[in-house]
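Each chain, written out:
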Amino acid sequence: MEPLDRATIWPYRGGDPGELYYQRYAHPNGIAAEGALAELEGGEALLFPSGAGATTALVLGLLEPGQTIALAEGGYYGTGVLFAALERWGLGVVEFDQTGPPPAGVDLVWLEAPSNPFLTMPDLEAAAAHPARVVVDSTAATPIYLRPLDAGADFALHSATKFLGGHHDVLLGAVVCRSSDDAERLRDFRGRSGIVAAPDPCWLLSRSLKTLRVRMERHTATATELAERLRSHPSVEVVRYPGFGGLLSFDLADGEAARHVETSLRRIKNATSLGGVESVLESRTRWEGDRVPPGLLRLSVGLEDADELWGDLEQALA
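On a predicted model such as this, the values are computed, not experimentally measured, just so you know. (Residues numbered from 1 in each chain as written. Predicted model: local features only at pLDDT ≥ 70, side-chain atom pairs only at ≥ 80, totals over all residues. Heavy atoms only, no water.)

Draft legend 1. Region of the structure containing the nonpolar core. Counting residues in hydrophobic clusters, the biggest one holds 26 residues, and the most contacted among them are Leu-37, Leu-47, Leu-164, Leu-172 and Leu-205. Among residues more than four places away in sequence, those in contact with Leu-205 are Ala-33, Leu-47, Ala-160, Leu-164, Gly-165, Val-170 and Leu-172. Core analysis: the next-biggest nonpolar cluster, separate from the first, contains 24 residues, Leu-58, Ile-69, Phe-83 and Phe-155 among them. (Core = buried A, V, L, I, M, F, W, Y, C linked by side-chain atoms within 4.5 Å. Buried < 20%, exposed > 50% of the residue type's maximum accessible area, 1.4 Å probe, protein only. Contact = heavy atoms within 4.5 Å.)

Draft legend 2. Geometry of the side chain of Asp-154. Mapped onto the fold, Asp-154 is located in the loop between helix H5 (142-145) and strand E6 (155-159). Buried within the structure, Asp-154 lacks any salt-bridge partner; Arg-178 is the closest side chain of opposite charge, at an N-O distance of 4.3 Å. A polar contact of 2.8 Å, which involves the side chain of Asp-154, links it to the backbone nitrogen of Val-134. With near-sequence residues (within four places) excluded, Asp-154 lies in contact with Ala-132, Arg-133, Val-134, Leu-149, Val-176, Cys-177 and Arg-178. (Helix = DSSP H or I, 4+ residues; strand = E, 2+ residues; numbered from the N terminus. Lys, Arg positive; Asp, Glu negative; His and termini not counted. Salt bridge = Lys/Arg side-chain N within 4 Å of Asp/Glu carboxyl O. Polar contact = N/O pair within 3.5 Å; in protein donor to acceptor, adjacent residues only side chain to side chain.)

Draft legend 3. Region of interest: the sheet that holds strand E5 (residues 133-137). Strands sit in the order E1-E7-E6-E5-E4-E2-E3 across an open sheet of 7 strands; the sheet is mixed. One side of each edge strand has no neighbouring strand; the edge strands of this open sheet are strand E1 (44-48) and strand E3 (92-96). Direction aside, the axes of adjacent strands within the sheet are offset by 20° on average. Of the strands in this sheet, E1, strand E2 (68-72), strand E4 (108-112), E5, E6 and strand E7 (173-177) are in contact with helix H2 (residues 51-62), which crosses E6 at around 150°. (Pairing = 2+ DSSP bridges. Axes fitted to C-alpha atoms, helices over the stretch in contact; angles between N-to-C directions.)

None of the figures reported here should be taken as evidence of function without further support.
Structure below.
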C-alpha cells in the first residue's frame, strides 16, 4: 500500500505550482485510487466524496438548464430524489423502462445495471444507439461483471461506498469517463465546487480494489445459492436476482411479514446500504414508500458461509 498522505498543500518548485499544490485539486491517494479504478473500467476515473456527490457533479458539470435526463425507472430512489431537487435549476427528468430504448428528445440517458432494488438490466445496445450521452450506474455490477464504456456508454458511475469499497468503512463516489474532454470538464468543476474526495477514503479504496475480483466471485456464488433456496420457500412470492453480484431482493406477502423477518434476524444485520463483507437486509418501504411492494426485502449478501446465512433466513421466515 502507498502511504496515507493527508497534506493539504505542497510547496511550489522554482516559483511554479507542480501537479500537487492544493488538496482540493489533487492529492497522492486520490491519484492512486483513480488510476486503479481507471484500469479496471477502461476510462478516466474521478473520485467524489459519495455516490450522490458523483451524481451531482456529473449532472451540474455537464448539463445546462433546460436539458432533460431520461432516468431508468425502478432504480436507486435517491437518484430520482436528487434530480427532483435539481428541477428548480431547470433540469428536466422523465422516467422510462430501461429494458427498452430510451425516449427521444432527451440530453442524457441514465441507466442502472442492475437496478436497485428491482434488479432489472438495461438494454445497453439500444441506449448506445441513442444520440444522447449515456451514464450507467454499475454500482451493483462493478467492473468485474460489466464495463459500461465497452458497451458503448459515455460514463460509468459508482457509489464506491458499496462493492468497490466493500467493507462498510468507505464513503466515496466515482465517475469514469470515456472522453478525456468530459473528464477534464468534470475535474475542473470538481475542483471549483469542492465536491472532492478526501485522502483517507481514497487510501481505503486502493486497499479494497486489490480484492475486488475475489470478493465479487464469492458474493455471486453465495447469492446464487440463496436466491435458489428463497425461490423454493413457501413464504417467498418473488425473487429478483440478475445472476451475478451480491444484491438480490424478494417479496413476502405484506409489510408485516417483512417486518417480522427484519426483527428476527440473528446473523444478518438489519441495516441499510449494501456491498460489504457482512450481509445486511432491510425492508425498502421505510425509504421508498409505495414505489416498492410493501413486502419487498433487499438483501446484500456478504462473504459469510452460505449455509449460515440460509439458516438465519430460514428461521426468520418461519
